[in-house]
Amino acid sequence: GGLYSPGDPLVLLQVDTLESSVLNSSSAWLVEFYASWCGHCVHFAPTWRALAADIQEWSPAVNLGVLDCADIANQKMCGKFGITGFPTLKFFKAFSKSPEDGIKIFHPGDSIQKLRQSIITNLEMHKETWPPACPPLEPASVEEIRGFFQTNNVTYLALIFETNDSFLGREVTLDMLQFENIAVRRVLSSEEELVKKYGVTSFPSSFLLIKNGTFSRIPVQMEARSFYTHFLRRLPGVMRGPYAPIRAPDISKVYMADLESALHYALRVEVARFSVLTGERVRALKDFVAVLAKYFPGRPFVRNFLRSVDRWLRNARESRIPYSGLELVLTGRKESPSALPALVTWVGCQGSEPHFRGYPCSLWTLFHLLTVQGGPDHSPLEVLGAMRGYVQSFFGCRECAQHFEGMAAESMDKVRSVDEAALWLWSRHNRVNARLAGTETEDPQFPKLQWPPPELCPLCHSVVNRRHVWDKAAVLRFLKAHFSPANIFLDYTEPERALVVRRSREAKEGAGEGGNGEGEEEEEGEERRPGKPEGAGVGMEAGGSERRGFLGPRKPSIVRMNPKMQELEEDIVDLDSFSELHYKSKALKAAAANKGRRLSKRDTIPLLLADDSHEAFDYAAAWERLRRRGLGSKQLIGALEEDEGDALRRNHWFRMLGVGFSRLDVSLCIILYFLSSMCLLGMYTFFRMRTRHRKGHPGFPTA
Ligand SMILES: Cc1cc2nc3c(=O)[nH]c(=O)nc-3n(C[C@H](O)[C@H](O)[C@H](O)COP(=O)(O)OP(=O)(O)OC[C@H]3O[C@@H](n4cnc5c(N)ncnc54)[C@H](O)[C@@H]3O)c2cc1C
């Protein structure tokens, strides 16, 4: 294997990603071309890795990458980039046009500091093609500082006074690139007016100017990069800007990034575990993709892509499909290859630790979403059946699959309408939530609640005889609104433009294959595409970290444990437990809103694209570990699974709802209108009577 791994904070380039990454990029790139067998490269790797960690905050002004020229697949590409010895470091200015534009940096033996400085020197060589994300690095003038707060919308300006040969100011400027509400400028010791104005006597030293006109010396133990950076990042109001952050997600939204990541993970990781798909798995995959193609309310190019995969699968009549064939369709040149992201990005499903939430959360979200997309005339079991098949055939958590299959076998076939299907899944998911509340799989910052909590849907909850009862009609309305396309937000999705560029590049690479393939069948593509396509790994998983169980205190489940009561009424919790739920959901909201944890885009987990399973983060294994440790809530499972959902017992409601919500809404409006008129009438009568009464008692004091 290569000298670097996906856990390193640099980009592992390959034959098919090198050019698309470093050419025409809005970032500058510094790439190490190495050979894994070369001793110098082995010695140099720790330096390069450390440099990558040291300047990772400089992205996206500049990115660091590596390419292993010893990999046969990359050899030609290394030739194209003029690599003759190893390691070779090449700097590509932003918007470089061709491989020849790479500037060789001749000192691979240099220290990290030297390399860092070399990056700055090269960044400064940009003229009209300055990388858009890179702040100005040139020394500030008196005029610029004088009008700074008039022309820049920031609260703070840090001035770093230094001699001409110092890199400190520029390093701190780049270190602060991802932070908003602050700017950093270097001021040269030769800039006498400013030096005098701030009374600077030693270099380097630095001053913090605030928008309100005040300024003070930055109080640091040492006039050094890390001290400045540490101080500046903690100023009130300074926060990560648009380049890095995934801010605390809003629990009332559904995020497309989660859904697209689920598609990617399901199709390119979970299904990829099987080198050949046969029998049930073929059927399950076909059903899954068919409902995606039909109902996934994605961006148009993603929908096109899903339709083309669906067409391909429908045409594959054999009872065995080698994954390699499907993979060509998923990454193949004509089939919108980049419609699926190459990374998973969890937004609404991001956990407070990498081993929490993520994929299973996104899978639930995806299926809830799909259940509410169909109209009343659609087959009620279409989506649920596809989910059942997918979970049974592919979901890596085998214990989850077993439980889910248990629930499905018990009552899924009693579902009679699309609305019932949505409610069935909602109620079964809540059972799972109840079972898992307080166990090791629960993210302490996202407690497993009975969902939707009152903050999200007050009307879904009511209290009868001091017991909490769901209003299922309201729940259904809520599900339809929450999982409607209008509530899906595109934050942190890869913009279509970037994907289109990648697509057209891949189309160019597949020269000779005219047409865009929309509406065409693709079987002939199988034999022709050379090389190993992206995503070829089997059974690989995201992230470098192992899934750890959270061994926090066991929280009480909110579902009442009395099995007798459950026989009568599902979805009823007692009121005390319900307050607990309420409290928990408050905590959740607080966690989401002000916990102060801003999730970083770097938390985005790059997928291992080779079969690097030793580092792989394997949900199945993790679940197995948890299982062996014992979830401690088996009794609850038993109790819960005994009880049969009563979603189907209130059929008259569904029939009534089946008429359509608009009519229901209109009736509600009329009732409300009537009630408010009655209220007004009542008030009118009351005041009239009072006036008459007063008239009769003139001595009564007036207010
Ligand atoms: C089919 C399936 C079976 C599973 N079985 C197990 C198991 O047996 N053991 C185990 O340890 N883990 C199981 N998991 C994983 C577990 O359910 C969670 O997905 C995981 O722990 C992550 O939890 P989470 O906090 O992100 O929320 P999740 O429970 O994954 O929920 C994801 C999102 O869906 C929404 N949501 C929550 N509840 C509902 C609801 N009732 N209706 C509609 N939307 C809702 C919320 O917005 C929530 O953030 C299963 C997952 C799936 C997909």
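Keep in mind that what you see is a predicted model, and the values were worked out from it rather than measured.

Student: Hey, could you go over the environment of Gly65 for me, with residue numbers and the actual values?
Tutor: Assignment of secondary structure puts Gly65 in strand β3 (residues 62-68). Sequence separation between Gly65 and Val22 is 43 residues; the distance between their C-alpha atoms is 9.0 Å.

Student: Any chance you could break down the sheet that holds β3 for me, citing the residues and the numbers?
Tutor: Strand order in this open sheet of five strands is β1-β3-β2-β4-β5, and the pairing throughout is mixed. At either margin of the open sheet sits one strand with a lone partner, and together these are β1 (11-12) and β5 (103-105). Pairing geometry for strand β2 (residues 28-34) and strand β4 (residues 88-92), over five bridges, is antiparallel. In the strand pairing of β4, Trp29 is matched with Phe92.

Student: Describe the sheet that holds strand β8 (residues 182-188), listing the residues and the values that go with them.
Tutor: Ordered by their spatial adjacency, four strands build an open sheet running β8-β6-β9-β10, and the pairing between neighbours is mixed. The open sheet has two free edges, formed respectively by β8 and β10 (215-217), since each of these has just one partner strand. With strand direction ignored, the average angle separating the axes of adjacent strands in the sheet is 20 degrees. Here seven bridges tie strand β6 (residues 156-162) to β8, and the two strands are oriented parallel to one another.

Student: Residue-level account of the nonpolar core, with values.
Tutor: The biggest cluster of nonpolar side chains holds 75 residues, and the ones touching the most others in it are Val383 and Ala422. No other element matches helix α10 (residues 256-270), which puts nine residues into this core. Residue contacts for Ala422: discarding those within four places in its chain leaves Thr371, Val372, Leu476 and Leu479.

Student: Which residues make up helix α15 (residues 382-393), and what values do they have?
Tutor: For α15, spanning 12 residues, the distance from its first C-alpha to its last is 16 Å, which sits close to the expected 16 Å at 1.5 Å a residue. Among the 12 residues of α15, 10 are classified as buried, and the element is accordingly described as predominantly covered. Regarding α15, the residues found buried are Val383, Leu384, Gly385, Ala386, Met387, Arg388, Gly389, Tyr390, Val391 and Ser393. Elements that come into contact with the buried residues of α15 comprise α11 (279-295), α14 (359-371), α16 (398-411) and α17 (418-436).

Student: Give a description of the site of the ligand that names residues and reports values.
Tutor: The local shell around the ligand holds 25 residues, among which Pro360, Cys361, Cys400, His429 and Trp451 are the closest. Contributing elements (two or more residues each) for the shell around the ligand: α14, α16 and α17. Classifying every residue of the shell around the ligand by side-chain character gives 14 nonpolar, seven polar and four charged.

Student: I'd like a rundown of helix α4 (residues 112-124), residues and numbers included.
Tutor: Given a rise of 1.5 Å per residue, 13 residues ought to cover 18 Å, and the 19 Å separating the end C-alpha atoms of α4 matches this to within 8%. Among the residues of α4, those classed as buried are Leu115, Arg116, Ile119 and Leu123. All buried residues of α4 fall inside an arc of 100 degrees around its axis, so they share one side. On its buried face, α4 sits against β2, α2 (39-54), β3 and α7 (168-175).

Student: I'd like a description of the packing of α11 against helix α12 (residues 300-315), backed by residues and values.
Tutor: Following both chains from N to C, one finds α11 and α12 inclined at 145 degrees, their axes separated by 8 Å at the closest point. The handedness of the crossing between α11 and α12 comes out as left-handed. For the pair α11 and α12, contact is made by Leu285, Lys286, Val289, Ala290, Leu292 and Ala293 and by Leu306, Arg307, Val309, Asp310, Leu313 and Arg314, respectively. A breakdown of the residues in the contact of α11 with α12 according to their chemical character gives eight nonpolar, no polar and four charged.

Student: I'd like a rundown of unusual backbone geometry, residues and numbers included.
Tutor: Residue Pro87 follows Phe86 across a cis peptide bond; omega there is -10 degrees. Here Pro87 shows up in the loop between α3 (72-80) and β4. Located in the positive-phi region is Phe95, a residue other than glycine, with phi close to 65 degrees. Relative to the elements of secondary structure, Phe95 occurs in the loop between β4 and β5. Phi is positive for Arg466, close to 60 degrees, though the residue is something other than glycine. Position of Arg466 among the secondary structure elements: in the loop between β17 (461-464) and β18 (467-470).

About the thresholds
- Residues numbered from 1 in each chain as written.
- Predicted model: local features only at pLDDT ≥ 70, side-chain atom pairs only at ≥ 80, totals over all residues.
- Helix = DSSP H or I, 4+ residues; strand = E, 2+ residues; numbered from the N terminus.
- Pairing = 2+ DSSP bridges.
- Axes fitted to C-alpha atoms, helices over the stretch in contact; angles between N-to-C directions.
- Core = buried A, V, L, I, M, F, W, Y, C linked by C-beta atoms within 7 Å.
- Buried ≥ 20, exposed ≤ 12 C-beta atoms within 10 Å, placed from the backbone.
- Contact = placed C-beta atoms within 7 Å.
- Expected span 1.5 Å × (residues − 1).
- Near = placed C-beta within 6 Å.
- Nonpolar A, V, L, I, M, F, W, Y, C, P; charged D, E, K, R; others polar.
- Arc of directions from axis to C-beta.
- Left-handed = near helix turned anticlockwise from the far one by under 90°.

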